[in-house]
Amino acid sequence: MNKKEVFKLAKGFRGRAKNCIRIARERVEKALQYSYRDRRNKKRDMRSLWIERINAGTRVHGVNYGNFMHGLLKENIQLNRKVLSELSMHEPYSFKALVDVSRTAFPGNRPVSPTPKKQGLSILV
């Protein structure tokens, strides 16, 4: 990489990393390594975010994430996690229909009865 390209990539860096070629070359090289690594980490982070959103949506209806996904697999519903996440956030009625389909497909998806709330010290008084 020639000097002109290095300084072009180092634009916006702090201190001598933007105008001293030796330091700029090291910082640019490290920045490119970070960007390569983080392009892969971004995919991983997004997938885990989608899973968290789906799990939150399914628990509202009394099913956990694993059983929900297994029920969809049994029914051969091939929606990816990104779409399921969007449905759980923006289309709650459609998502509830999917949860119901998943519940009927997999016997482990029985509706969970809500646990009674603890009264605390108000019972004693």
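Described below are features of the structure shown in this document. (Residues numbered from 1 in each chain as written. Predicted model: local features only at pLDDT ≥ 70, side-chain atom pairs only at ≥ 80, totals over all residues. Heavy atoms only, no water.)

## Considering the packing of aromatic side chains
Under the definition given, this model contains one aromatic pair. Residues F68 and F95 carry aromatic rings whose centres are separated by 5.4 Å and whose planes lie at 50° to one another, so their mutual orientation is tilted. Residue F68 is located in helix 3 (residues 65-74), and its partner F95 is located in helix 5 (residues 92-105); the two are separated by 27 residues in the primary sequence. There is no split in this pair, since F68 and F95 are both buried. The ring of Y36 carries R40 above its face, with NZ or CZ at 3.9 Å from the centroid. (Phe/Tyr/Trp six-rings, centres within 6.5 Å; stacked < 30°, edge-to-face > 60°. Helix = DSSP H or I, 4+ residues; strand = E, 2+ residues; numbered from the N terminus. Buried < 20%, exposed > 50% of the residue type's maximum accessible area, 1.4 Å probe, protein only. Lys NZ or Arg CZ within 6 Å of the ring centre and 35° of its normal.)

## With respect to the side chain of T58
You can see T58 is positioned in helix 2 (residues 21-60). Taking relative accessible area as the criterion, T58 reaches 0% and is therefore assigned buried. Not counting residues up to four positions away in its chain, the partners in contact with T58 are V63, N64, Y65, F68, F95 and V99. (Contact = heavy atoms within 4.5 Å.)

## What to know about a nonpolar patch on the surface
A cluster of nonpolar side chains, M1, L9 and L32, forms an exposed patch at the surface whose accessible area comes to about 290 Å². As for its position among the elements, L9 is in helix 1 (residues 3-9). Using a relative accessible area of 42% as the deciding quantity, one classes L9 as partly exposed. (Patch = residues over 30% accessible without salt bridge, like charges linked within 9 Å, V, L, I, M, F, W, Y side chains within 5 Å. Areas by Shrake-Rupley, 256 points an atom, 1.4 Å probe, with all protein chains shown as cover. Salt bridge = Lys/Arg side-chain N within 4 Å of Asp/Glu carboxyl O.)

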